[in-house]
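# Reading the structure
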Amino acid sequence: MSQPPAPISLGTKVALAGVSCMCGQSVANPMDVMKIRLQIQGESVKAGGAVKYRGMVTGLATIVREEGVQGLYKGIKPALLREASYSALRMGLYEPIKEILGATDPSQTPLWLKIVAGGSAGALGGAIANPADLIKVRMQGDMARHGQTPRYSGLANAFSTIARQEGIFNGLYRGVGPTAFRGMLLTASQLPAYDHIKHSILNLHILPEGKPLHFLSSICAGFIAVGVTNPVDVVKTRIMNQAVARDGLGMSYRSPIQCFFTVVTTEGVRGLYKGFFPSWLRLGPHTVVTFLVMEQLRAWAGMRAI
């Protein structure tokens, strides 16, 4: 008689989630850089600067022309560190939290429970891993051309410089509120959307378990997640990227709420959706690759599909 599969540890679930998300980020980093540049461009335009990036395609071409192909992979090290911490936690803790809340049958779990589980996992992961996210934003937003000195020479230099000049909380944990809130919104939309859409299709016998189902569900989940999170992402990016005064406070925005209303007042509601298309082109492939890889890794580890 065959033995039942051994239970999978929480550490394994988090590790598999982290590897999957790192694969997704490796594919999506160029669009992530473009998204960051578009989101912070409004600040320079407001100050009287010229519009540098007029769209996704011309923006990518400008980055390659001025910074080389490596410009598209600025911030890749902190981005991967972020995926190995923040995304690993938010994706890896989703199912354990869902089970704590009473979920037993994935095909019959109510949507509200999935949303609560996703929001809880995302907020926790975002709060813990804020330093990696902050460094990623700053390094990807660095527009130094060939021959110019970048803002930070590397990942370790960024950590030490920010900690020394700005402190731990005012520096490395700057923007932790918007980061945790975005993590909550992202995971409360992306994971439950994938989970619910996938099991709805299975229950209706439209597609069987497999790669086509995973692909379709992840495309839908990525689009939903961008629509929900883009306004918070713009605020988070501006807060993290701004210059800091000697008192440790931001020189452009004193709080996320002020930043939100400043964007709406000076740029309109459309300002909150700057970088939407690059965000979708970034999160879409990121979500697809992440879920395809995760489902395969779970199968190889003897775990049931999401």
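Quick summary incoming for the structure in this document.

About the cut-offs
The written sequence of each chain sets the order in which its residues are numbered from 1. Per-residue local features of the predicted model are confined to residues with pLDDT of at least 70, and side-chain atom pairs are confined, for both listing and counting, to 80 or more; whole-chain, interface and lining totals are unaffected and use all residues. Excluding hydrogens and water, the side-chain figures rest on all heavy atoms present in the structure. Helix and strand definitions here come from DSSP, where helices need a minimum of 4 consecutive H or I residues and strands a minimum of 2 consecutive E residues; each element is numbered from the N-terminal end. The buried label applies to any residue whose accessible area, calculated with a 1.4 Å probe on protein chains only, is under 20% of its type's maximum; exposed applies above 50%, and partly exposed to all values in between. Whenever two N or O atoms come within 3.5 Å, that pair is a polar contact, provided that in protein one can donate a hydrogen and the other can accept it, and provided that, for residues adjacent in sequence, both atoms are side-chain atoms. What a helix should span is 1.5 Å times the count of its residues minus one. The arc under discussion is defined with respect to the helix axis, by the directions toward the C-beta atoms. Candidates for patches are residues over 30% relative accessible area with no salt bridge; among them, like charges are joined within 9 Å and nonpolar side chains (Val, Leu, Ile, Met, Phe, Trp, Tyr) within 5 Å. Residue burial considers only the protein chains on display, and all accessible areas are found by Shrake-Rupley using a 1.4 Å probe. Think of a salt bridge as a Lys or Arg side-chain nitrogen and an Asp or Glu carboxyl oxygen that are within 4 Å of each other. Joining through side-chain atoms within 4.5 Å is the link that ties buried Ala, Val, Leu, Ile, Met, Phe, Trp, Tyr and Cys residues into a set, and such a set is a nonpolar core. Fitting a line to C-alpha atoms yields each axis, with helices limited to the stretch in contact; the angle taken between N-to-C directions then spans 0 to 180 degrees. Throughout, the term roughly parallel applies to angles under 35 degrees, roughly antiparallel to angles over 145, roughly perpendicular to angles from 65 to 115, and oblique to all others. Rotating anticlockwise by less than a right angle from the far helix to the near helix defines a left-handed crossing, while the corresponding clockwise rotation defines a right-handed one. Between two residues, a contact is recorded if the distance between any of their heavy atoms is within 4.5 Å.

Further remarks concern the side chain of Arg238. When you line up the elements, Arg238 lands in helix α10 (residues 211-241). Exposure remark for Arg238: the relative accessible area of 0% places this residue in the buried category. Here the side chain of Arg238 touches Glu267 through a polar contact of 2.8 Å, side chain to side chain.

A negative phi holds for most residues other than glycine; trans holds for most peptide bonds. A positive phi angle is found at His205, which is not glycine, with a value near 60 degrees. For His205, the position within the fold is in the loop between α9 (176-203) and α10. Among the residues examined, His205 registers a relative accessible area of 71% and is labelled exposed.

In a regular helix each residue adds 1.5 Å, so twelve residues correspond to 16 Å; helix α2 (residues 56-67) covers 16 Å between its end C-alpha atoms and thus fits that length. Residues Met56, Gly59, Thr62, Ile63, Glu66 and Glu67 constitute the buried set of α2. The buried residues of α2 occupy an angular sector of 120 degrees when projected down its axis, which confines them to one face. Seen from the buried face of α2, the exposed residues on the opposite side, beyond 90 degrees, are Val57 and Arg65. Directly beyond the C-terminal end of α2, a positive phi value near 85 degrees is found at Gly68.

The next thing to look at is a nonpolar patch on the surface. Together, Leu101, Trp112 and Val116 make up an exposed nonpolar region whose accessible area comes to about 300 Å². Along the chain, Leu101 turns up in the loop between α4 (94-100) and α5 (111-128).

Residues Met91, Ile97, Leu191, Tyr194, Phe291, Met294 and Ile306 are the most contacted members of the largest nonpolar core, which totals 15 residues. Of all the secondary structure elements, the ones that give two or more residues to this core are α1 (10-46), α4, α5, α9 and α12 (276-300). Top contributing element to this core by residue count: α9, with three residues. Ranked by size, the runner-up nonpolar core spans ten residues in total, among them Ile36, Ile135, Met139 and Ile162.

A few words on the side chain of Lys98. As for its position among the elements, Lys98 is in helix α4. We classify Lys98 as buried; its relative accessible area is 5%.

This part takes up the packing of helix α3 (residues 76-92) against α5. At a minimum axis separation of 8 Å, α3 and α5 run at an interaxial angle of 165 degrees. The orientation of α3 with respect to α5, classified from their angle, is roughly antiparallel. The hand of the α3/α5 crossing is right-handed. Counted together, Tyr86, Leu89 and Arg90 of α3 and Ala121, Gly122, Gly125, Gly126 and Ile128 of α5 form the full contact between these two elements.

Take the pattern of salt bridges next. Under the counting rule described, the total for this entry stands at 19 salt bridges. Linking Arg138 and Glu166 is a salt bridge whose minimum nitrogen-to-oxygen distance equals 2.8 Å. A residue pair is termed long-range when its members are at least 10 positions apart, and Arg138 in helix α6 (residues 130-140) and Glu166 in helix α7 (residues 155-166) qualify at 28 residues. Close ionic contact of Glu295 with Lys198 constitutes a salt bridge, the shortest N to O distance being 2.8 Å. Of this pair, Glu295 sits in helix α12 while Lys198 sits in helix α9, placing them 97 residues apart in sequence. The class for Glu295 is buried, based on a relative accessible area of 4%. Salt bridges linked by common partners bring Asp32, Lys35, Arg82, Glu83, Asp133, Lys136, Arg182, Asp233 and Lys236 together as one network.

Take it as geometry only, folks, not as evidence of what the structure does.
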